[in-house]
Every structure is written in structure tokens, then in C-alpha cells.
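Spelled out from the first residue to the last, the chains are:
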Amino acid sequence: MIAFFRALLALAIALPKVIGSGRIDLNEAPWMVKSVSQNIEIPAKGIPGGIYSDLRHSGILTSDFYYRFNDQEYRWVSYENWTYSAEFVVDQDTLNHDFIVLDCKGVDTVSTIMINDQLVGETNNMFVRYSFDVKEFLKLGNNEIRIEFKSPVEHAKNMFQEQAETYVVPPECVAPQFQGECHANHIRKMQSSFSWDWGPAFPSMGIWQDIAIDAHNSAVLRYLYFNPTQNVNGDWDIPIDAIFEIDPVHPIVSGTLKVTFQGKTEEFQGTVLPSVEENKIGALSIVIQRDGVDVDLWWPNGYGDQVLYDLTVEFTDDQSMDTSSITRRVGFRTVEVVQAPVDQGRTFKFRVNGQDLFMKGSNWIPAHVLPELVTPDYTRNLLHSAKEAHMNMLRVWGGGIYESDVFYDLADEYGILIWQDFMFACSMYQATDEVLKSVQQEVRTQVRRLQTHPSIALWAGNNENEAALRGNWYGTDADFQHYKADYVKLYVDTVKAATNELDLGRDFLVSSPSNADKSEEDGYIAQNPYSSIYGDTHYYNYNLDTWDYKIYPKTRFASEYGFQSFPSFEVLKPYSEPFDWNFYSDFVNNRQRHPGGNEEIPWQIHLHMELPENELDTRAGFEEFLYQAQVNQAESLRVETEHYRRMMTQYSNQTGEGLTMGTLYWQLNDIWPGASWTTLEHGGKWKISHYFAEQMFRDILISPIRNTDNNQLEVFVISDKLSDFPLSGTIIVEVKRWNNFNETFHMSQAIDAIPAMSVEKVISMDMNEILSNGGCHAGDPSEPGENKRLEYCLITTTLRDTDGNIISQGHVRPYPKDAIGLIVPEIAIQSVTKLGSCQDDYYDTCWSLDIGTDAIALFVWLEAEGLDGRFDANGFLMDSPNRRIQFFCQTPNVSESQVMSSLRVRSYKNSRVVSNQDSNTYDGQRRYHTMQELINHFRK
Ligand code: BMA
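These numbers were taken from a predicted model, which means no experiment stands behind them.

Topic: the overall build of the protein chain
Working step 1: What the protein chain contains, in helices and strands, is 19 helices and 47 strands.
Working step 2: Considering only C-alpha atoms, the protein chain reaches an extent of 105 × 70 × 65 Å along its principal axes.
Working step 3: Among the 940 residues that make up the protein chain, the fraction classed as buried is 62%.
Working step 4: A separation threshold of at least 6 residues defines the contact pool for the protein chain, and within that pool the share at least 24 residues apart is 72%.
Working step 5: About 34400 Å² of surface is accessible on the protein chain, with carbon and sulfur atoms providing 46% of the total.
Working step 6: Across the protein chain, the 77 positively charged side chains and the 130 negatively charged ones have centroids separated by 2 Å.

Below, the structure is given as C-alpha cells:
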């Protein structure tokens, strides 16, 4: 980094100065916003903000953004040009400063900025922090700032047309099912604000980050660069670069840098050196040298504490005595991506603090399409849920935004490593000089803003653009070399180069999925970016049976995979009307943005469960569908994830596949209440799949499978702990027939230690033997019967610790629709008792619930309608009459009767909790295929 700064020989000319600095916080100004063509002028709701929020606040948009078809109804907003303006007062003291800038931390997106009718500057990248010199435009007393926004939709279209005169940069539009806007790839803005296959289009405009007038006589400290490295003695050297915004007229500033760390303050005298490359940027670099800096390590969730230290850096200019300071919470850890050759291919794994860790987590998308509506509490809620599901990594996906400071602070606090994409997704992008320059600024802004966070593990250039180019997704093959050249210019020569200049401490991956280094060696566009033996993969296949583990690849690192479900009825309800509550309604079609999604979900359900095919146009049938869709997704995700975890130590000599070291499913959180791959609903409620994630990501996992190749029951015990886990425990295999609770077969085996980072096949038994001993046939179970079949039985495998507590449990069973003898259970919540305290003070009150069933019940699903919180387990199987469950409630001060009356329970086959009174409220046509048509369609 230092190489990019050098002293200027010229001496700064000393001028009379005002002591101190002045900041006029324009967030607080009384902003107005208007559209001439719409004849609207209203006060803005506040900064950070955006036009949709302002119009909603003033009552021009009359109902919730996500209510029914409002994404279409409100689209007009994005076609207009909007002008924000505010008045502010400037005093003489401020004007006397040498250096006055308008500091815009984020402007969304295409705007012209005027102060007192004079042009200050223009913006066209939502992710750039802009700083405009404004001294000459300001006057004593009242001033006016005006930010004139151009419709992002219009702008993107114009950019596309202009570009298309030379050659088209596709896609020319999104799929019709997205119901979105075209050409997001021609504007540097949240790509998914133009729609995605899980979210609506709200192409907003506005001032989405802080804005201020900043007056100084000196260099202003803007960022810190912090890159501690362990030296040969195991001690940490702590180089720190203080990065300044400097006044180009007085570029050389000397002063004192005061660094406070671990309660000790050290002073360094130095000179801020202007950057050779960047106008208005300077740096002062120091190294903290103490013999054996004594720090504790920061560990990812599940592996140790997340120790964080405050680091404060303050700069005082020798001449003006102006000061500026920054405090950051920093952590000490090393992270590297290890790509070591193996017999065939290379590994792809994260090594943290010298230990190879198995990454468990998901993919993050924007928590709302309008970023100003995401509160810190909501971000905390979502990330807390990730932490509770034992996640240690999230990938911030490249079609959204670089997340808020709060997000990364929480990731630091919770030990969630961040795989940080740059914001390019599923498209070709322009590589004109102008775009490249803007992207370079974007990278500099974001890397500087985020670099100090210990959670950030990896930078990645884009989402699926290597795969898109290689796979000719957008018809680029005819001019492949051309698009490839643009690709390299953008992601390698610009994004990667700018990242590497600013951050020496992290690896950079050009694309995801990719073959990582091997893709680079192959000229950045590998023959098969989805190779299982290099880098990471994304895997989706909706046409095969998603509950069959055999369909899944044996990849080095699964960075995306998953299956869609719908929100729960409770979450959809406030955004809809009773006549929307059936599967064939326009509303349900509107909520599905993934082409084919409303065929794939029922088709997959039908493979596994009895879909209420003839009742889908009733409320009861629709609710059943929503529940089954969530069950189906949860089980798909569990099967696939356990498969990847079993692959951690397996390696195929034939194909080189295996050695999986990460599972990040698609996707954690929702942008709105619609069909999607998420495990958390809009609002943060856990779907069934999130409860499954909490189980499947436990550090010790029992994972049984029926291996149809050899007809064996194979039981694996998996540990991703870093040390051996001693126990004198047992592994139990039990068999029950579906029609009662009696055990027909029982076997137990001692287990006395689970080795660190291991996958062990602890049991391998002939299925015929189990089925025969378990009486899994039509006749008397105590007699040897003909036609033994798994369909008659449930096989449960349990790992118990020394005291008999369950560590992990798994089942092998037929698909629910095939279970012979399964009866409709009667399930009841028998009692609710308040617990003295909660284990986690994140929750307000905790409750113990007793649940009873009169028959084996599958996928028992509890909901506490109207209350925020979660259960300690959910979506579970009951193979005995009673189960005790805890409910952790976030809603403050609830009473026992409130909890009791909020509770709902359903299970597979026992789901008709709603009377049919709302049936047939929809008289429209069946939109989707009949089941027979679906079957024919997918069998093709
Ligand atoms: C991957 C992602 C997203 C998309 C998801 C589901 O391609 O990168 O773009 O939403 O699959 O289709």
C-alpha cells in the first residue's frame, strides 16, 4: 500500500486558518422532494431514505409496499425524475475553512447536484462515496442544495441503447415471470431492485446514506487499514494505515497520529503522503511495535470466542491543530483459502487461525428492497438466527448491496465469516472506460469501508458471470472473445486489481461458482466452472427427486444450492385478501417470480407427500400446500446438506470428487413475502427449513442413509469439532411400524470418542435384516413375514451421550405418501409453563410446552401466531406420545394465556385446522397444470 503514496516535493503554502473543523449534517435538513410531471411536492421522511418511503410517508402511496400487487401499482414512481432539495445555513466560521466538501456516503443513483443553482457534480454509482469540493459555491447565511434524480429505469435503458450501438451487453431483459424492469446491468445500483427470481422491482431513488458538508483546514481521517500479521515468533505485527481525504491545494500535512489500543496510547509523528493514483487521498502508515502484543484470537462461531478490541486513531495537524479520529472494533485472526493439489484437482477450503474449518451457512440477499427500511434490530434478528443455526459463514451475494456497517459489526460479534461478493450478478456488464473508472471508485469505497472487519474472509468478483459466459446463458457465444475480454477487464484488471491494492490480507475469487485459481489459469472462463474438483459450485436441479441424496454432486465447496418454498400463511395473510388464499389465485402467481416455480413445488411435494391436489383452490388446501411446501424444502435441504457433510473426508479415486469443506445453501433471508429459497421468512420467522438447518449444522451429527446400491442402512457420525470428543455414549437403532408406538427392533452400540473433523460410518447393516427383524411387512410383526418393505416402518438412529441425552437423531423412512399404516394423529398442546429464565437473554420469556399425540406424527409444526420468537425444535417427528418443547419468546411481557392461545399445531396428514368455510372463493381458471400434466411434464 505504501508504494502508492509518495511525498510531494512542493511545500504547502501556509494560509491564515480557522481552528477546528465544521460539519453541517444535512441528514437533519428539512428536505423536500418533488416531481414536476406528477405535480407532487412533499417533505421527505428523512435521510437516509428514498423516494418510495417518502411517498408512502406522505400518504401518496396508500398501502404497504408489499400488499398484493403494489409492486406493479407503484412502479410509476421509478419512471419519474425526482428532485430533492433542502436549505441550510452556513456561518462565517465554516466558510473560513480551506477545504469544504459535500460528503455523500451514498446516493441512489443517477443525479445532478446543485448548490445555489451552481453545478457541484454528478453521481451514477450507488456504491461510491462521493466527495465534491463546494467551498466556491457556498455563501454566508441561507444556501440551497438540490439533487436532481433521473429515473434509474430510464437511465439504464438509455445506457443500454447507447451501448447497443456498438454491441449489446445482455441480458436485454429479465424473464417475464420476474415482472421486473430491464437493463439493471447498465446501472451501478442494487441489481435486484429491478426484480429477481425471489423479489419485486422497486427501482428507487434518493439519498440512501449520510450526507454532510464537511469543512476542514487539514487532511481528514476517513478510513483505517488494519492488517495484523503473525510473525515468526507468533507475535502480531500491527501495521495501520490512516487514510485521509486531503485538500489537493495543500496536499502535504504533518501531524501526530495517536493510536489507542488495549488501553495504551502511542503517538507517532508523520506526514500524510498524497496518493499517486488518487486525487484527494493520502495516507500515513505506522506499525505498532510492542514486544509480544498480547491479544486473544477471534474465532468463527462454534470454534471459540469472538474477541474484539477497540482501536482508536486520532490525527492532529501540526499547523492547524485540526483533529479527526476513527474508532474501529478489530479482531486478530488469519484466514486463507487453501487450494492444495490433490490426486485430481485441488482442495478448496478455509483455513482460519491455522485450522481447516468446515464452513456452514447460507447466502444473504438484501433484507428489504428499500434499504432504508432495514432497521439495525431487524438485521440483528436475522443474523442472530444465523448464529443460532450454527452458521459460521454467510455469502453476501452480488446482486444486492454492500451491507450496512451494522451488518458487518454483528458478523464480527457473532463470529460469522463473510464471503463478500462485489455487486455484479447473472449478467454481462459493460467495460467502457467510464464504467471501469466508476467501478474502481466503488471498489475503493467499499474495501476501505469494510477492510477492518475480522469477519470478512474473502472478496469475490461476481455471481455466476463466468458460468453465464461459458454456458452461453445470454447468447454471447457468437462473440465470445469480445465478452470475455470485457469480463477480464472488469473483474480482473479492475475489481481484483483495485482490491489487491487496498487489501493485502485477503484472497480474491473472480467468480462464484468457479474453479478458483484453476479458472484463472484457464484464462478466467473455465471449460466447466461447475467442476466438482476445483473451487466452488452452485447446484440446482428441480426436475430430479430432491429428497434423494444421490442426485447431488460431490463437490469441494457448495456455495449455493436449495429449493423453493412459500411463506407461511401467517406471513402472507396481512399482504393479501381472503379471495387470494388459494393456489390458483393471481396473488399466488404474483408471489412466484421464479419461472416454473409453481410447477416445481407441487411436483416435488407430490413425489413425497399427498398433495391436496383437489383442494388447492380452497383456503384449507392452500394452507396445507404452504405447509407441505415448507416441509418439502426443509427435507430437501437437510438431505443435500448432510450429503455434503458426509463428503468432508470422502474422496473418490476414480473421479477425484469429495473432500467437501463448505455448505452455504441458497438463501437465508427474504426480501419480501413471496416464494423463495429462504429459511427465514420476511419478518424473520423461522421456516421449517431453518429449524432443520439448526439440526443439520450441529457440530456433531448423526446421518443415516439407506444406500440403495448395496441395500444397507449406513449410519454416519460426523464431527467438525477441532478436537476429539470423548464420550461413553451409545448409538441406538430402533424400528417402529407406523401404526403404533411399539418398538419392533432395538439395537445399541457403544461409542467412546468422536474424532476431530471426522466422518465415520459407525453402522452398516443389511436392510433386509432390519426390515425382517422389525416386522416391516403386512402380517403379524412378531412373525417373519413376506414382502418386507421399508414402507411399513420408521427407522430411528440416535446418538446419546454418557447421561443418555440425545446429541443427534436421524431417521430412515419411506416418503410420507408411501408410509403404510400411518394414521391421522390427534395432536394437542397439553400445557404451557413459564420458565424461570431464558438461556439466551436475546429472548424476553421462555416457555415449556407439553405436546401429546395419539399416533406417530411426521413433521409436527408449531406456530405461535402473532408472537415473535422460536421453538427449540420444530417440524419434528413424534414417535412417542409425549414431547416437551421450549418456546423462546421475543415479544415482551406476554402472559401464559397469550402464549396458549397463540399456539397452533399441525403435522403431516393432520393439517386441516381451517374449516372449509373459505373454500372456493376464487372462481378463476386453474392457472397451473393438473397433477397428471405435471407428472408428464417432469417425466419427459
Ligand atoms: C442463483 C443465485 C441467484 C438466484 C438463485 C435461485 O443463481 O445466484 O441469482 O436467485 O440461484 O435461482
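Let's talk about the nonpolar core
Working step 1: Of all hydrophobic cores here, the largest spans 196 residues; its most connected members are W31, L102, V134, I145, I211, I213 and F625.
Working step 2: The contacts of L102, once residues within four sequence positions are left out, are L26, I113, V120, Y130, S131, F132, V134, I145, I211, A212 and I213.

So, the packing of helix α15 (residues 619-646) against helix α16 (residues 688-696)
Working step 1: Running from amino to carboxyl end, α15 crosses α16 at an angle of 20°, the nearest separation of the two axes being 8 Å. For the element pair α15 / α16, the angle class is roughly parallel. α15 and α16 meet at a crossing whose hand is right-handed. Along the contact surface, α15 presents Y627, Q630, V631, Q633, A634, E635, L637, R638, T641 and R645, while α16 presents I688, S689, F692 and M696.
Working step 2: Of the residues in the contact of α15 with α16, the class split is 7 nonpolar, 4 polar and 3 charged.

Notes on unusual backbone geometry
Working step 1: With an omega dihedral of 5°, the bond running from P170 to P171 counts as a cis peptide bond.
Working step 2: Structurally, P171 can be placed in the loop between α5 (152-164) and β11 (194-196).
Working step 3: Cis rather than trans, the peptide bond between W666 and Q667 has omega equal to 5°.
Working step 4: Structurally, the position occupied by Q667 is in the loop between β33 (662-665) and α16.
Working step 5: The backbone of Q262 sits at a positive phi, close to 50°, despite the residue not being glycine.
Working step 6: Looking at the element boundaries, Q262 is found in the loop between β18 (253-261) and β19 (264-274).
Working step 7: The phi dihedral of K280 falls on the positive side, at around 70°, and the residue is not glycine.
Working step 8: Judged by its relative accessible area of 10%, K280 is buried.

Thresholds applied
Residues numbered from 1 in each chain as written. Predicted model: local features only at pLDDT ≥ 70, side-chain atom pairs only at ≥ 80, totals over all residues. Heavy atoms only, no water. Helix = DSSP H or I, 4+ residues; strand = E, 2+ residues; numbered from the N terminus. Buried < 20%, exposed > 50% of the residue type's maximum accessible area, 1.4 Å probe, protein only. Contact = heavy atoms within 4.5 Å. Areas by Shrake-Rupley, 256 points an atom, 1.4 Å probe, with all protein chains shown as cover. Lys, Arg positive; Asp, Glu negative; His and termini not counted. Charge placed at Lys NZ, Arg CZ, Asp CG, Glu CD. Core = buried A, V, L, I, M, F, W, Y, C linked by side-chain atoms within 4.5 Å. Axes fitted to C-alpha atoms, helices over the stretch in contact; angles between N-to-C directions. Parallel < 35°, antiparallel > 145°, perpendicular 65-115°, else oblique. Left-handed = near helix turned anticlockwise from the far one by under 90°. Nonpolar A, V, L, I, M, F, W, Y, C, P; charged D, E, K, R; others polar.

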